[in-house]
Amino acid sequence: MGNQGVKKKIDNLGRIVIPKEYRNNLKINKYDELEIFLESDHLSIRKTGQYCRICGGGTSIHKVEDSYICSNCIIKIKKC
Ligand SMILES: [Zn+2]
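Because the structure is a prediction, the values reported are computed rather than measured. (Residues numbered from 1 in each chain as written. Predicted model: local features only at pLDDT ≥ 70, side-chain atom pairs only at ≥ 80, totals over all residues. Heavy atoms only, no water.)

As for the coordination of the zinc ion
Within the protein, the atoms that donate to the zinc ion are Cys52 (SG), Cys55 (SG), Cys70 (SG) and Cys73 (SG), at distances of 2.3 to 2.4 Å. Around the zinc ion sit 4 donor atoms, and with donor-metal-donor angles ranging over 106 to 116 degrees the site reads as tetrahedral. If you list the donors of the zinc ion from N- to C-terminus, the spacing comes out as C-x2-C-x14-C-x2-C. In this structure cysteine 55 comes out as partly exposed when scored by relative accessible area, which is 47%. (Donors = N, O, S within 2.8 Å, 3.2 Å for Na, K, Ca; no water. Tetrahedral: all angles 85-135°; square planar, octahedral: opposite > 155°, others 65-115°. Buried < 20%, exposed > 50% of the residue type's maximum accessible area, 1.4 Å probe, protein only.)

Structure, rendered in structure tokens:
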């Protein structure tokens, strides 16, 4: 994936198709829930529940109640 990205047109209902290659790489399947973030000048999209709610990291994730928290943040919380 280069800096150019893939160009897609938004349809009349505001939808775009996420390229199949991207979906395969990120293991995004039909009916998965995605989160869309409004950044300062762009949007970012990621699969729900795979990232630490505190730091945004994606490794050593544990489910805590309805959130996902990484091991590093759990250690930091325990120190509080
Ligand atoms: Zn974390």
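Back to the write-up after that little detour.
Some details on the domain arrangement of the protein
Size of an interface, as often reported, equals the accessible area lost when the parts are brought together. On domain assignment, one finds that the protein holds domain 1 (1–48) and domain 2 (52–80). Between the C-alpha centres of domain 1 and domain 2 the distance comes to 25 Å. (Domains from an automatic or database assignment.)

A word on unusual backbone geometry
You will see that lysine 27, though not glycine, has its phi angle at about 55 degrees, which is positive. As for its position among the elements, lysine 27 is in the loop between helix 1 (20–25) and strand 1 (34–38). Unusually for a residue other than glycine, serine 60 sits at a positive phi of about 50 degrees. Relative to the assigned elements, serine 60 resides in the loop between strand 2 (43–47) and strand 3 (61–64). (Helix = DSSP H or I, 4+ residues; strand = E, 2+ residues; numbered from the N terminus.)

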